[in-house]
Amino acid sequence: MKPAIFLLVPIMCALPVVAEERCQYLEDQVDQANKAMASIFADGITDNSAPRETNRQIKELNQKIKQQTAIQLAIAEGCDTSSFLPNDMGSYITPALECATEQLKGNYKAASCEMSNWTRSEEE
Amino acid sequence: MVQLTLPKNSTVRKGKTWPKPQGATNLRQFRIYRYNPEEGGNPRWDTYWVDMDKAGTMILDVLLYIKNNIDPTLAFRRSCREGVCGSCAMNIAGRNTIACTKGFDDLPKGVITISPLPSQPVVRDLIPDLTNFYAQHAYVQPYLKTDTPAPEKEWKQSEADREELNGLYECILCASCSTSCPSYWWNGDKYLGPAALLQAYRWLIDSRDEATGERLDDLEDPFKLYRCHTIMNCAQVCPKGLNPAKAIAKIKHMMVERVS
Ligand code: SF4
Ligand code: FES
């Protein structure tokens, strides 16, 4: 395995585009985790039973760990992480609630549940 | 194949069946765990018939009825008789709870078994040895820790900050949760268990406390906190309706957030 890594490192250095893509990918991972956390939060609006609430805490925790891992990898890749926004589910609460409301109506494939279309709500 | 040998005196044998009270029409059968280390031998299940018209309404009333009218040697702990002191926790009909607030109406039909809290050494009959449980509670330092000099009158807290303590401060340390947790059964010497961790979170989240980092450091190892696998027995059994598993998840959040 060692020679392969030995070869990979200079290739990565020689291909800045790939490195940028990696950084973008990792930043997207952090953002997706924010969306997932907003969705987990919105799912809990109507059910606060102990097992479900605890389960949501654990799911949210897993997303935070995912963000932490992505940031650590980004730092290891030499990415500029200043634009990464971990722990920012608040920006996606509005679309998450819209989706949860549709799902409560039984509309499980609502367009508002397509996370890739969710946009960040700007701070007032 | 692994050969396991059960510890000495671990098999519960059939015990004595006490006579039915004379003239009673509303009888109920209770099977109660009896063990007296001074007598040696194995623990046993003694059978008692209780006149439910005379015994009161709670399981603690039944135990007192038995002690006062049938068998004065039966040993159990109790103090407040109103769900405040946590002394009377035991396993009733297969579920940990406190005897003084457990009414008959909540119980299944048929014979009711009553045994000490599981997984702890037994001092006698329904009295578990909670030395380890209390040591774990002490380990989380359940008191305010501050560096700033104490104010003249009191440490103040906003209403919102005080609200954070709801669902945590009400714990009566009955040990029902910890002793219902399979992870605690297995690693009770190293895993702090739901009750101690609920208290750990109660102080971690207290806006007046100034030892958050130190408190988190004290929980940072593979066992003390991370043996919780969200099995949720703790929340199921807590007689005060608390949710230690959620408090534990919140501590794990704090652990992640302080690294980020
Ligand atoms: S959390 Fe509930 S079950 Fe656990 S010790 Fe406290 S009161 Fe008892
Ligand atoms: S006797 Fe105090 S809680 Fe039951």
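Residues numbered from 1 in each chain as written. Chains lettered and ligands numbered in written order. Predicted model: local features only at pLDDT ≥ 70, side-chain atom pairs only at ≥ 80, totals over all residues. Heavy atoms only, no water.

- Under an unreviewed UniProt entry, chain B has the name Succinate dehydrogenase iron-sulfur subunit and belongs to Hyphomonas jannaschiana VP2.
- A UniProt comment under Pathway (unreviewed entry) is attached to chain B, and it reads "Carbohydrate metabolism; tricarboxylic acid cycle; fumarate from succinate (bacterial route): step 1/1."
- UniProt annotates chain B under Subunit (unreviewed entry) with the comment "Part of an enzyme complex containing four subunits: a flavoprotein, an iron-sulfur, cytochrome b-556, and a hydrophobic anchor protein." (UniProt positions renumbered as here; feature names shortened; annotations may be inferred.)

- Under an unreviewed UniProt entry, the name given to chain A is Lipoprotein, and the organism recorded is Hyphomonas jannaschiana VP2.

1. Details of the pairing of strand β5 (residues 95-98) of chain B
All names here are of chain B.
Here is step 1: Where strand β4 (residues 89-92) and β5 come together, 4 bridges link them in antiparallel fashion. Within the sheet, the bridge partner assigned to Asn-91 lies in β5 and is Asn-96.
Here is step 2: In this antiparallel pair of consecutive strands, β4 and β5, the connection spans 2 residues, and Ala-93 shows a positive phi of 50°. (Pairing = 2+ DSSP bridges. Helix = DSSP H or I, 4+ residues; strand = E, 2+ residues; numbered from the N terminus.)

2. Notes on the pattern of salt bridges
Here is step 1: Applying the stated rule across the entire model yields 22 salt bridges over all chains.
Here is step 2: With a shortest N-O distance of 2.7 Å, Asp-31 of chain A and Arg-120 of chain A are connected by a salt bridge. In this pair, Asp-31 of chain A sits in helix α2 (residues 16-43) while Arg-120 of chain A sits in the segment after α4 (93-104), placing the two residues 89 residues apart along the sequence.
Here is step 3: On the basis of relative accessibility, which here comes to 25%, the residue Arg-120 of chain A falls in the partly exposed class.
Here is step 4: In this structure, the salt-bridge partner of Arg-34 of chain B is Asp-71 of chain B, at a minimum N-O distance of 2.5 Å. Taken together, the positions of Arg-34 of chain B in strand β2 (residues 27-34) and Asp-71 of chain B in the loop between α1 (59-69) and β4 put the pair 37 residues apart, joining distant regions of the chain.
Here is step 5: On the basis of relative accessibility, which here comes to 3%, the residue Arg-34 of chain B falls in the buried class.
Here is step 6: Through salt bridges with shared partners, a single network forms among Arg-34, Arg-44, Asp-46, Asp-71, Arg-124 and Asp-125 of chain B. (Salt bridge = Lys/Arg side-chain N within 4 Å of Asp/Glu carboxyl O. Buried < 20%, exposed > 50% of the residue type's maximum accessible area, 1.4 Å probe, protein only.)

3. Quick notes on the environment of Pro-244 of chain B
Residue and element names in this part refer to chain B.
Here is step 1: Residue placement: Pro-244 occurs in helix α8 (residues 244-259).
Here is step 2: The exposure class of Pro-244 is buried, given its relative accessible area of 3%.
Here is step 3: When the C-alpha positions of Pro-244 and Cys-171 are compared, they lie 9.6 Å apart, and in sequence the two are 73 residues distant.
Here is step 4: In this structure Pro-244 touches Cys-177, Pro-194, Leu-198, Cys-234 and Ala-235, once residues within four positions along its chain are discounted. (Contact = heavy atoms within 4.5 Å.)

4. Things to note about the state of the cysteines
Two cysteines, two sulfur atoms, one covalent bond between them: this is a disulfide.
Residue and element names in this part refer to chain A.
Here is step 1: What the rule picks out here adds up to 2 disulfides over all chains.
Here is step 2: Each disulfide pairs two cysteine sulfurs, and for Cys-23 the partner residue is Cys-79, the sulfurs being separated by 2.0 Å. Where Cys-23 bonds to Cys-79 through sulfur, the torsion about that S-S bond is close to -85°, and the disulfide is left-handed. Taken as a pair, Cys-23 in helix α2 and Cys-79 in the loop between α3 (50-77) and α4 lie far apart in primary sequence, 56 residues in all.
Here is step 3: According to the relative accessible area criterion, Cys-23 is buried, its value standing at 17%.
Here is step 4: Across the disulfide from Cys-99 sits Cys-113; the S-S distance is 2.2 Å. Disulfide Cys-99-Cys-113: torsion about the S-S bond near 100°, hence right-handed. One end of the pair, Cys-99, is in helix α4; the other, Cys-113, is in the segment after α4, and 14 residues separate them in sequence.
Here is step 5: Residue Cys-99 is classed as buried on the basis of its relative accessible area of 7%. (Disulfide = S-S within 2.5 Å.)

5. Topic: the nonpolar core
Here is step 1: Counting residues in each nonpolar core, the largest one holds 66 residues, and the members touching the most others are Phe-30, Ile-32, Leu-63, Ile-114, Leu-219 and Ile-251 of chain B.
Here is step 2: Of the residues that make up this core, three or more belong to each of domain 1 (8-128) and domain 2 (131-259) of chain B.
Here is step 3: Those residues within four positions of Phe-30 of chain B in sequence are excluded, and the remaining contacts are Asp-46, Thr-47, Tyr-48, Val-50, Met-52, Ile-59, Val-62, Phe-104, Ile-112 and Ile-114 of chain B.
Here is step 4: Counting residues in hydrophobic clusters, the runner-up holds 12 residues, among them Tyr-92, Ile-93, Ala-100 and Ala-110 of chain A. (Core = buried A, V, L, I, M, F, W, Y, C linked by side-chain atoms within 4.5 Å. Domains from an automatic or database assignment.)

6. Notes on helix α6 (residues 212-219) of chain B
Here is step 1: For α6 of chain B, every residue scored as buried is listed here: Arg-215, Leu-216 and Leu-219 of chain B. Viewed end-on, α6 of chain B has its buried residues packed into an arc of 95°, placing them on one side of the element. (Arc of directions from axis to C-beta.)

7. Considering the packing of aromatic side chains
All names here are of chain B.
Here is step 1: The final tally for this structure, using the stated rule, is 4 aromatic pairs over all chains.
Here is step 2: Taking the centre distance of 5.7 Å and the plane angle of 10° together, the rings of Trp-18 and Tyr-48 count as stacked. On the criterion of sequence distance, the pair formed by Trp-18 in the loop between β1 (13-17) and β2 and Tyr-48 in strand β3 (residues 44-51) is long-range, its members being 30 residues apart.
Here is step 3: What makes Tyr-48 buried here is its relative accessible area of 0%.
Here is step 4: For the pair Phe-133 and Tyr-134, a centre-to-centre distance of 5.7 Å together with 65° between the ring planes defines the contact as edge-to-face. (Phe/Tyr/Trp six-rings, centres within 6.5 Å; stacked < 30°, edge-to-face > 60°.)

8. Focus on a negative patch on the surface
Residue and element names in this part refer to chain B.
Here is step 1: There is a patch of like negative charges on the surface, built from Glu-159, Asp-161, Glu-163 and Glu-164.
Here is step 2: Considering the arrangement of structural elements, one finds Asp-161 in helix α3 (residues 159-163).
Here is step 3: With relative accessibility at 30%, the residue Asp-161 sits in the partly exposed group. (Patch = residues over 30% accessible without salt bridge, like charges linked within 9 Å, V, L, I, M, F, W, Y side chains within 5 Å. Areas by Shrake-Rupley, 256 points an atom, 1.4 Å probe, with all protein chains shown as cover. Lys, Arg positive; Asp, Glu negative; His and termini not counted. Charge placed at Lys NZ, Arg CZ, Asp CG, Glu CD.)

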